[in-house]
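# Structure assessment
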Amino acid sequence: MGIPFDPDDPFPLLDEDEAPYADAKEHAARVDAHLGIDTARAEAEVLASPPPVTDEPAQLWRGLPVQSLLTPYTELRAMLARLAPSPGDVVVDLGAAYGRMGHVVGRHHAGVRFVGYECVAPRVREGRRALERAGYAGVEL
């Protein structure tokens, strides 16, 4: 059946067992499109750039399907509901990718500051572009 997409409530708060994970990933792809996040272009840029040089073994998270890399919005909404941040709190996301959590914080947690950290430049650029377009206060990537 899937998770219906509602542009007036793009990040629904669902019970954990309400929808299969595959449905949550499909829903997240529709939300990304609604928000104008062009993951395909950014991921193509990631693949076109040379991998970082390191002496240490590293998981580069390159070339995988984007939905396998990203936490669905419904899961982020549920995590934040359990966390229940208050105005003045700061939510930090390490490995923020496209800043999905920033969208959920910006829409559902007024007065909470979001700071996302991501080391892959094309993801940062695309995430910043979408977050700036959304115009949330206190959200940065």
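The notes below deal with the structure included here.

Reading the values: the criteria
Residues numbered from 1 in each chain as written. Predicted model: local features only at pLDDT ≥ 70, side-chain atom pairs only at ≥ 80, totals over all residues. Heavy atoms only, no water. Helix = DSSP H or I, 4+ residues; strand = E, 2+ residues; numbered from the N terminus. Rg over C-alpha atoms; globule rule 2.2 N^0.38 Å. Buried < 20%, exposed > 50% of the residue type's maximum accessible area, 1.4 Å probe, protein only. Contact = heavy atoms within 4.5 Å. Areas by Shrake-Rupley, 256 points an atom, 1.4 Å probe, with all protein chains shown as cover. Lys, Arg positive; Asp, Glu negative; His and termini not counted. Charge placed at Lys NZ, Arg CZ, Asp CG, Glu CD. Salt bridge = Lys/Arg side-chain N within 4 Å of Asp/Glu carboxyl O. Polar contact = N/O pair within 3.5 Å; in protein donor to acceptor, adjacent residues only side chain to side chain. Pairing = 2+ DSSP bridges.

## Considerations on the overall build of the chain
Within the chain, the regular secondary structure consists of six helices and three strands. In the chain, the succession of α and β elements from N to C terminus is α-α-α-α-β-α-β-α-β. Against the compact-globule benchmark of 14 Å for 141 residues, the chain has a radius of gyration of 15 Å, which places it among compact chains. Each of the three principal axes of the chain carries a C-alpha extent, and together these read 40 × 40 × 30 Å. Across the 141 residues in the chain, those meeting the buried criterion constitute 40%. Of the contacts formed within the chain by residues at least 6 apart in sequence, a portion of 69% connects residues at least 24 apart. Counting every atom, the chain has about 8100 Å² of accessible surface; 54% of that belongs to carbon and sulfur. Charge-centre separation for the chain: the mean point of 14 positive side chains lies 5 Å from the mean point of 22 negative side chains.

## Here we look at the side chain of Glu-118
Relative to the assigned elements, Glu-118 resides in the loop between β2 (113–117) and α6 (121–134). Nearest to the buried, unbridged Glu-118 among oppositely charged side chains is Arg-123, at 4.2 Å. A distance of 2.7 Å separates a polar atom in the side chain of Glu-118 from the backbone nitrogen of Ala-97. Polar contacts involving the side chain of Glu-118 include one to the main-chain amide nitrogen of Val-120, which spans 3.1 Å. When residues no more than four places from it in sequence are discounted, the contact partners of Glu-118 are Gly-95, Ala-96, Ala-97, Arg-123 and Val-124.

## Describing unusual backbone geometry
In this structure, Ala-84 takes a positive phi of about 50° despite not being glycine. Note on placement: Ala-84 falls in the loop between α4 (73–83) and β1 (90–94). Positive phi, close to 55°, is recorded for Ala-97, a residue that is not glycine. As for its position among the elements, Ala-97 is in the loop between β1 and α5 (100–108). Accessibility expressed as a relative area gives 8% for Ala-97, which makes it buried.

## Digging into α4
Inspection of α4 places Tyr-73, Thr-74, Leu-76, Arg-77, Ala-78 and Leu-80 among the buried residues, and these make up the whole buried set. Those residues of α4 that are buried are in contact with α1 (21–35), β1 and α5. Backbone geometry just downstream of α4 places Ala-84 in the positive-phi region, at approximately 50°.

## Describing the sheet that holds β1
Strands sit in the order β1-β2-β3 across an open sheet of three strands; the sheet is parallel. The open sheet has two edge strands, β1 and β3 (139–140), and neither has a second partner. The pairing of β2 with β3 spans two bridges and is parallel. Bridge pairing in β3 links Phe-114 to Val-139.

Everything listed is a geometric property; what it means functionally is a separate question.
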